[in-house]
Amino acid sequence: AQSVSQHNHHVILSEAASLELGCNYSYGGTVNLFWYVQYPGQHLQLLLKYFSGDPLVKGIKGFEAEFIKSKFSFNLRKPSVQWSDTAEYFCAVGRNDMRFGAGTRLTVKP
Amino acid sequence: DAGVIQSPRHEVTEMGQEVTLRCKPISGHDYLFWYRQTMMRGLELLIYFNNNVPIDDSGMPEDRFSAKMPNASFSTLKIQPSEPRDSAVYFCASSPDRRGHNEQFFGPGTRLTVL
């Protein structure tokens, strides 16, 4: 059965700090990987996705993620966070039977 | 396109009452998903449909929960009878079937409070 692990539950950063959120997964078969963001009081929005090809994926708002097959990882990165990045971030894996990680709450201090 | 539409946005009800949540997927999307989000359990997939047919309902917590999709533009999630532990945000999402590249588009959610 597929599963997704996000090891960081709550991350607190100052503006301009670099961000890396960990995501590890287990999944049988061809894997589709996603990062979603949920701003306070809002619904989930897609940040980026990986289906195949270049393992370094660039998404919206300066986010990127790297798929490392040997490590079953799909970590999210941003070189310089902003206060407006305060949100909850979800890693997800799968196809129609998508599984979400528990989420990582990011707080960016101005 | 208006995106995925859910109603109501907020629902407060008393234990034992029937609750019906509604969802209108994005036009042309073949897949529809119902999720529940709580602090304790995170985001859980309850059930999903393909072309109006339920494919996997293994996430439905118990028989009190039921979901239907009578046509391509409408789905309901019903809880009868409701219990306080059902309090959560329920999201509906839809997805096109593009060679298996299934990005899901989420609705705004229904915040359910059962007293």
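Before any of the text, the structure's been laid out above.
A. Layout of the packing of aromatic side chains. On inspection of all chains with the given rule, the structure shows 17 aromatic pairs over all chains. When the ring of Phe100 of chain A is compared with that of Tyr35 of chain B, the centres are 5.4 Å apart and the planes differ by 90 degrees; the resulting orientation is edge-to-face. Here Tyr35 of chain B lies in strand β4 (residues 31-38) and Phe100 of chain A lies in strand β11 (residues 99-100), a pairing that spans two chains. Accessibility expressed as a relative area gives 10% for Phe100 of chain A, which makes it buried. Among the aromatic residues, those joined into a ring-pair cluster are Phe34, Tyr36, Phe51 and Phe100 of chain A together with Tyr31, Phe33, Tyr35, Tyr48, Phe91 and Phe106 of chain B.

B. The arrangement of the state of the cysteines in detail. Overall, the coordinates contain 2 disulfides over all chains when judged by the stated rule. Between the sulfur atoms of Cys23 of chain A and its disulfide partner Cys91 of chain A the distance amounts to 1.9 Å. Between Cys23 of chain A and Cys91 of chain A, the S-S dihedral sits near -65 degrees, and the bridge is therefore left-handed. Placement of the pair is Cys23 of chain A in the loop between β3 (19-21) and β4 (24-26) and Cys91 of chain A in strand β10 (residues 87-93), with a sequence separation of 68 residues. Accessibility classification places Cys23 of chain A together with Cys91 of chain A in one group, the buried group. In this model Cys23 of chain B forms its disulfide with Cys92 of chain B; the gap between the sulfur atoms is 1.9 Å. An S-S torsion of about -70 degrees defines the bridge between Cys23 of chain B and Cys92 of chain B as left-handed. Separated by 69 residues along the polypeptide, Cys23 of chain B in strand β3 (residues 19-24) and Cys92 of chain B in strand β9 (residues 88-95) bring together distant segments of the chain.

C. Region of the structure containing the pattern of salt bridges. Under the criterion given, the structure shown has 13 salt bridges over all chains. Across the pair Glu66 of chain A and Arg77 of chain A runs a salt bridge, and its minimum N-O distance is 3.2 Å. Residue Glu66 of chain A is located in strand β8 (residues 64-68), and its partner Arg77 of chain A is located in strand β9 (residues 73-78); the two are separated by 11 residues in the primary sequence. Classification of Glu66 of chain A as partly exposed rests on a relative accessible area of 28%. Overall, the relative accessible area of 21% leaves Arg77 of chain A in the partly exposed class. Where Glu44 of chain B meets Arg36 of chain B, a salt bridge forms, and the shortest distance between an N and an O atom there is 3.3 Å. There is no split in this pair, since Glu44 of chain B and Arg36 of chain B are both buried. Through salt bridges with shared partners, one network takes in Glu62, Arg64, Glu83, Arg85 and Asp86 of chain B.

Scoring rules and cut-offs
- Residues numbered from 1 in each chain as written.
- Chains lettered and ligands numbered in written order.
- Predicted model: local features only at pLDDT ≥ 70, side-chain atom pairs only at ≥ 80, totals over all residues.
- Heavy atoms only, no water.
- Phe/Tyr/Trp six-rings, centres within 6.5 Å; stacked < 30°, edge-to-face > 60°.
- Helix = DSSP H or I, 4+ residues; strand = E, 2+ residues; numbered from the N terminus.
- Buried < 20%, exposed > 50% of the residue type's maximum accessible area, 1.4 Å probe, protein only.
- Disulfide = S-S within 2.5 Å.
- Salt bridge = Lys/Arg side-chain N within 4 Å of Asp/Glu carboxyl O.

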